[in-house]
Amino acid sequence: MELLITYDVDTTTADGRRRLRHVAKACEAYGIRVQKSVFEVVCRDADWVLMKQRLLDIIDPEQDSIRVYVLQRGTFVSAEHIGQSPPAPHDEPLIY
């Protein structure tokens, strides 16, 4: 499964800045950062269930927002990149 995950976390408080760091770390565990608050994730359905719960445990739903777009397999490979946006290496392992 391919997911495009975007988030907006309220950082006007110290707690919000902490949540932002935790959301970013959770996304980094499963995907590749392609912009500051945008991640491309290639995972199994079971991984998405775990990631989603992790994100739900972190955010404040009254102040923060996460958008998840479920894409067809192969969408990332066919993405057009303009400017300082190199293709993400989805075919390489995340952990070396």
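Predicted, not measured: the structure shown is a model, and the values here were computed from it. (Residues numbered from 1 in each chain as written. Predicted model: local features only at pLDDT ≥ 70, side-chain atom pairs only at ≥ 80, totals over all residues. Heavy atoms only, no water.)

J.: Could you clarify how one ought to interpret the packing of helix 1 (residues 14–30) against helix 2 (residues 45–58) in this entry?
T.: The N-to-C vectors of helix 1 and helix 2 enclose an angle of 175 degrees; their axes lie 9 Å apart at closest approach. Relative to helix 2, the element helix 1 is oriented roughly antiparallel. In this structure, helix 1 contributes Arg19, His22, Val23, Lys25, Ala26, Cys27, Ala29 and Tyr30 to the contact, and helix 2 contributes Asp47, Leu50, Met51, Arg54, Leu55 and Ile58. Classifying every residue of the contact of helix 1 with helix 2 gives 9 nonpolar, 1 polar and 4 charged. (Axes fitted to C-alpha atoms, helices over the stretch in contact; angles between N-to-C directions. Helix = DSSP H or I, 4+ residues; strand = E, 2+ residues; numbered from the N terminus. Parallel < 35°, antiparallel > 145°, perpendicular 65-115°, else oblique. Contact = heavy atoms within 4.5 Å. Nonpolar A, V, L, I, M, F, W, Y, C, P; charged D, E, K, R; others polar.)

J.: What is the right way to read the side chain of glutamate 2 from this model?
T.: Mapped onto the elements, glutamate 2 comes out in strand 1 (residues 2–8). A polar side-chain atom of glutamate 2 sits 3.0 Å from the main-chain amide nitrogen of glycine 74. (Polar contact = N/O pair within 3.5 Å; in protein donor to acceptor, adjacent residues only side chain to side chain.)

J.: What exactly am I supposed to notice about the pattern of salt bridges here?
T.: Any two side chains of opposite charge can pair, given that their charged atoms come close. A complete count under the given rule lists 5 salt bridges for this structure. Notably, a salt bridge pairs arginine 19 with aspartate 15, separated by 3.0 Å at the nearest N-O pair. Highlighted residues: arginine 19 and aspartate 15, both in helix 1, separated by 4 residues, approximately one helical turn. By relative accessible area, which is 3% here, arginine 19 ends up buried. Residue aspartate 15 is classed as partly exposed on the basis of its relative accessible area, which comes to 39%. A network of salt bridges, in which partner residues are shared, links Asp15, Arg18, Arg19 and Asp64. (Salt bridge = Lys/Arg side-chain N within 4 Å of Asp/Glu carboxyl O. Buried < 20%, exposed > 50% of the residue type's maximum accessible area, 1.4 Å probe, protein only.)

J.: What should I look at first to understand the environment of methionine 51 in this one?
T.: The residue methionine 51 is located in helix 2 in this model. In sequence terms methionine 51 and cysteine 27 are 24 residues apart; their C-alpha atoms lie 7.8 Å from each other. Excluding anything up to four places from it in sequence, methionine 51 contacts Ile5, Ala26, Cys27, Tyr30 and Val41.

J.: Looking at this structure, how should I read the nonpolar core?
T.: Among soluble globular proteins, nonpolar side chains are generally buried collectively. Among the nonpolar cores identified, the biggest contains 17 residues, and Ile5, Tyr7, Val23, Cys27, Val41 and Met51 are the most heavily contacted of them. Among the elements of the structure, strand 1, helix 1, strand 3 (38–42) and helix 2 are those that each provide at least two residues to this core. Beyond its immediate stretch of four places on either side in the chain, valine 23 contacts Tyr7, Val9, Leu55, Ile58 and Ile59. (Core = buried A, V, L, I, M, F, W, Y, C linked by side-chain atoms within 4.5 Å.)

J.: Where do I start with the pairing of strand 1 in this structure?
T.: Along any regular strand the residues' side chains alternate between the sheet's two faces. Counting buried residues along strand 1, 5 of its 7 residues qualify, which places the element largely inside the surrounding structure. Relative to strand 3, strand 1 runs antiparallel, the two sharing 5 bridges. Across the sheet, threonine 6 pairs through a bridge with valine 38, a residue of strand 3. Sheet analysis places strand 1 next to strand 4 (residues 65–71), joined by 7 bridges and oriented antiparallel. Counterpart to glutamate 2 in the pairing with strand 4 is leucine 71. (Pairing = 2+ DSSP bridges.)

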